Amino acid sequence: MTVQSGRRERKKAATRQKIADTALRLFLERGYEAVGIREIAAEADVAVTTLFAHFASKEALVFEQDADFEHRLAQAVTGRAPDEPLMPALRREIHAMVRHCTADGAAPLWRMIDGSASLREYEESMRLRHAESLAAAITAAPGQSRTPTACRTIARFVVDAHALAREAADPEAAVDEIFGMIEAAWESTAP
C-alpha cells in the first residue's frame, strides 16, 4: 500500500510542477497579465479544476515554492541542534533562500513580479504569513523565554531580510549586514 501512496504523491507532485513550469514559461513569454488560467491549463494538458486543486490563485502559480519556503523557515528553528543558537540557523537559511532567488535566470521573474501590482500584493501577504509561521516556531522553541511580541518582530525582520537582500547589489553581504542588526535586536530582548 505504501508504494501506491508514494506513487500517487509523485504523480501529484509531477502534475503540480508541470503546471507551475508551464505557467512560468507562458508568463515570461507573454507577460503575466496577458496569460489566463484556461490557457495555462490547456498548455499543461490539465483541467482548470486540476490547476486549482494545486494552486489557489493565478498569483500562487508564480510563487510555487511558497509552502516550501515557509516550511524551511520553521524547520531552521525546529530542526536545529539543541545547543545551536537560533540566529545562526536562521541566517544560514536566509542565505540559502537568497542564493536560490538570485540564481542565474531569476532576474526576469523578479522583474515580472515587480511590474505587477497583484504579484507584489501577493508577495507581501505571503511574507506576512511566513513571518507568522516563523514567529510561532520561535515562540514554541524549547528554552525560548522572549515575549511573543519579540518573537513576532524578529520573525518579520528575518523574512524581510530575504526580500531586502534579494534586491541588493551584493545579496550575500546584505544578508550578513541585516543579520548583524537582527542579532543585536534579538539580544536586546533577552530577559
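One structure accompanies this document, and this report is about it. Note that the coordinates shown come from a computational prediction; the quantities given were computed from them, not determined experimentally. (Residues numbered from 1 in each chain as written. Predicted model: local features only at pLDDT ≥ 70, side-chain atom pairs only at ≥ 80, totals over all residues. Heavy atoms only, no water.)

So, the overall build of the protein chain
- A tally of helices and strands in the protein chain yields ten helices and zero strands.
- Dimensions of the protein chain, computed from C-alpha atoms along their principal axes, come out at roughly 55 × 50 × 25 Å.
- Nonlocal contacts in the protein chain, meaning residues at least 24 apart in sequence, comprise 69% of its contacts between residues at least 6 apart.
- Carbon together with sulfur atoms contributes 55% to the accessible area of the protein chain, which is approximately 10,500 Å² in total.
- Seen as two clouds, the 24 positive and the 29 negative side-chain charges of the protein chain have centres 7 Å apart. (Helix = DSSP H or I, 4+ residues; strand = E, 2+ residues; numbered from the N terminus. Contact = heavy atoms within 4.5 Å. Areas by Shrake-Rupley, 256 points an atom, 1.4 Å probe, with all protein chains shown as cover. Lys, Arg positive; Asp, Glu negative; His and termini not counted. Charge placed at Lys NZ, Arg CZ, Asp CG, Glu CD.)

Re the pattern of salt bridges
- Counting across every chain of the model gives 18 salt bridges.
- For Asp160, the salt bridge is made with Arg127, and the minimal N-O distance between the two is 3.4 Å. Of this pair, Asp160 sits in helix 9 (residues 148–167) while Arg127 sits in helix 8 (residues 117–140), and the two are 33 residues apart along the sequence.
- For Glu132, the salt bridge identified is with Arg152, shortest N-O distance 2.7 Å. (Salt bridge = Lys/Arg side-chain N within 4 Å of Asp/Glu carboxyl O.)

Describing helix 9
- Under the 1.5 Å per step criterion, the end-to-end length of helix 9 is 29 Å for 20 residues, consistent within 8% with the ideal 28 Å.
- Those residues of helix 9 that sit buried are Ala150, Cys151, Ile154, Ala155, Val158, Val159, Ala161, His162, Ala163, Ala165 and Arg166.
- Check the buried side of helix 9 and you find it contacts helix 5 (66–78), helix 6 (86–101), helix 7 (107–114), helix 8 and helix 10 (171–188). (Expected span 1.5 Å × (residues − 1). Buried < 20%, exposed > 50% of the residue type's maximum accessible area, 1.4 Å probe, protein only.)

Topic: the packing of aromatic side chains
- Tallied over the full model, the rule gives two aromatic pairs.
- Pairing Phe63 with Tyr122 gives two aromatic rings, centres 5.4 Å apart and planes at 20 degrees, and the pair type is stacked. With a gap of 59 residues between them, Phe63 in the loop between helix 4 (58–62) and helix 5 and Tyr122 in helix 8 connect regions that are remote in the sequence.
- We note Arg146 situated over the ring of Trp186; from NZ or CZ to the ring centre the distance is 3.9 Å. (Phe/Tyr/Trp six-rings, centres within 6.5 Å; stacked < 30°, edge-to-face > 60°. Lys NZ or Arg CZ within 6 Å of the ring centre and 35° of its normal.)

A closer look at the packing of helix 9 against helix 10
- At a closest axis distance of 9 Å, the pairing of helix 9 and helix 10 adopts a crossing angle of 170 degrees. As far as their axial angle goes, helix 10 and helix 9 are roughly antiparallel. Within the contact between the two elements, helix 9 uses Ala150, Cys151, Ile154, Phe157, Val158, Ala161, Leu164 and Ala165 and helix 10 uses Pro171, Ala174, Val175, Ile178, Phe179, Ile182, Ala185 and Trp186.
- A per-class count over the contact of helix 9 with helix 10 returns 16 nonpolar, no polar and no charged. (Axes fitted to C-alpha atoms, helices over the stretch in contact; angles between N-to-C directions. Parallel < 35°, antiparallel > 145°, perpendicular 65-115°, else oblique. Nonpolar A, V, L, I, M, F, W, Y, C, P; charged D, E, K, R; others polar.)

Re the environment of Ala190
- Within the secondary structure layout, Ala190 lies in the segment after helix 10.
- Separated by 106 residues in sequence, Ala190 and Glu84 have C-alpha atoms that sit 16 Å apart.

Focus: the side chain of His130
- Position of His130 relative to the elements: it lies in helix 8.
- For His130, the side chain forms a polar contact with the side chain of Asp66, separated by 2.5 Å.
- Once residues lying within four places of it in the same chain are set aside, the contact partners of His130 are Asp66, Phe69, Glu70, Leu73 and Val159. (Polar contact = N/O pair within 3.5 Å; in protein donor to acceptor, adjacent residues only side chain to side chain.)

Thoughts on the side chain of Asp66
- By secondary structure assignment, the location of Asp66 is in helix 5.
- Asp66 sits in the buried class, given a relative accessible area of 10%.
- A distance of 2.7 Å separates a polar atom in the side chain of Asp66 from a polar atom in the side chain of Arg129.
- Look past the residues within four positions of Asp66 in its chain and what remains in contact with it is Tyr122, Met126, Arg129 and His130.

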